[in-house]
Amino acid sequence: MTDSPYSPVALITGGGSGIGAAVARQLLDAGYRVTVTGRGEERLRAFAKELGDPDGLLTITGNAADYGDVRSAVDATLTAYGRLDTVVANAGFATHDSVADGDPAGWPEMVLTNVLGPALLVRASVEALKATRGRIVLVGSVAGFVPTPGNIYGATKWAVTGLAENTRRQVTEWGVGVTLIAPGRVETPFWDGYGSLPPGNLLTSEQIADSVVWAIRQPAGVDVNTVVVRPVGQPN
């Protein structure tokens, strides 16, 4: 891995496991310096240890839905690495219930993490991204394109779909790209609260990371905006 003042820098929220961790691994292998954030300090520490505690990896504990935490993560990244080229708004979760029979107690945290979180990351990082003409990646979902009965998580991802295009229309004049990556069913810790993996074929975190990194590494001036990735066999 190259670790120099000129190598590009990425910040990934929810980067200690699943898709975020897979993106971090691929970017580190590609020579990026990477910051990953997450709420679980032990999980972040274990992730760094798994990779051999590389010099080009910074882990920061924080809440993706708290602007103070997000701003601190951006500032710490700029202090450590001197630049910021890419942010990946990956943090998110589902309560796996419905509007008609779910438990409303869990909804505020889900809405704040899934919808407010990406907006806060854009707000905190946009000035640094202007300087590098960098890229914003929002991890959405197929559920943000295909309605599902009663699905509040899906509604949050519809909001992310809209946020991606609304953001693109503002920041494109500053040379900043915006990509929405919308996965279908993926085998990740996302399903832990569901109780089991869904039936049928599932993608891996690494396969989604392939799409994220492909979008990030497009040539200058190329803005890939929406990538929907499903496993073969997923009808919706």
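What counts, and at which threshold
Residues numbered from 1 in each chain as written. Predicted model: local features only at pLDDT ≥ 70, side-chain atom pairs only at ≥ 80, totals over all residues. Heavy atoms only, no water. Axes fitted to C-alpha atoms, helices over the stretch in contact; angles between N-to-C directions. Helix = DSSP H or I, 4+ residues; strand = E, 2+ residues; numbered from the N terminus. Parallel < 35°, antiparallel > 145°, perpendicular 65-115°, else oblique. Left-handed = near helix turned anticlockwise from the far one by under 90°. Contact = heavy atoms within 4.5 Å. Nonpolar A, V, L, I, M, F, W, Y, C, P; charged D, E, K, R; others polar. Pairing = 2+ DSSP bridges. Expected span 1.5 Å × (residues − 1). Bend = angle between axes of the 7 residues up to and from the residue.

Draft legend 1. Summary view of the packing of helix α1 (residues 18-29) against helix α6 (residues 205-216). The contact between α1 and α6 brings their axes to 8 Å, and the two run at 55°. On the basis of their axis angle, the class for α1 and α6 is oblique. Considering how the two elements wind past one another, α1 and α6 form a crossing that is right-handed. Taken together, the residues of α6 that come into contact with α1 (itself represented by G18, I19, A22, V23, R25, Q26 and L27) are S205, E206, I208, A209, D210, V212, V213 and I216. Residues belonging to the contact of α1 with α6 are distributed by class as follows: nine nonpolar, three polar and three charged.

Draft legend 2. Spatial organisation of the sheet that holds strand β6 (residues 177-183). If you trace the seven strands from one edge of the open sheet to the other, you get β3-β2-β1-β4-β5-β6-β9, paired in parallel fashion. Each end of this open sheet is capped by a strand with a single partner; those strands are β3 (57-61) and β9 (226-229). When strand polarity is set aside, the average angle formed by the axes of neighbouring strands in this sheet is 15°. Of the strand pairs in this sheet, strand β4 (residues 86-89) and strand β5 (residues 135-139) are connected by four bridges, and their pairing is parallel. Bridge assignment links V87 to a residue of β5, and that residue is I136. With respect to the sheet, α1 is in contact with β1 (9-13), β2 (33-38), β3 and β6, its orientation differing from that of β1 by roughly 170°. Where helix α2 (residues 41-50) meets the sheet, its contacts fall on β2 and β3, and the angle it forms with β3 comes to roughly 170°.

Draft legend 3. Just helix α4 (residues 107-132), in detail. End to end, α4 covers 36 Å across 26 residues, agreeing with the expected 38 Å (1.5 Å per residue, within 8%). Most pronounced at V126, the bend in α4 amounts to some 55°. In the segment just after α4, R133 is the residue with positive phi, at about 50°.

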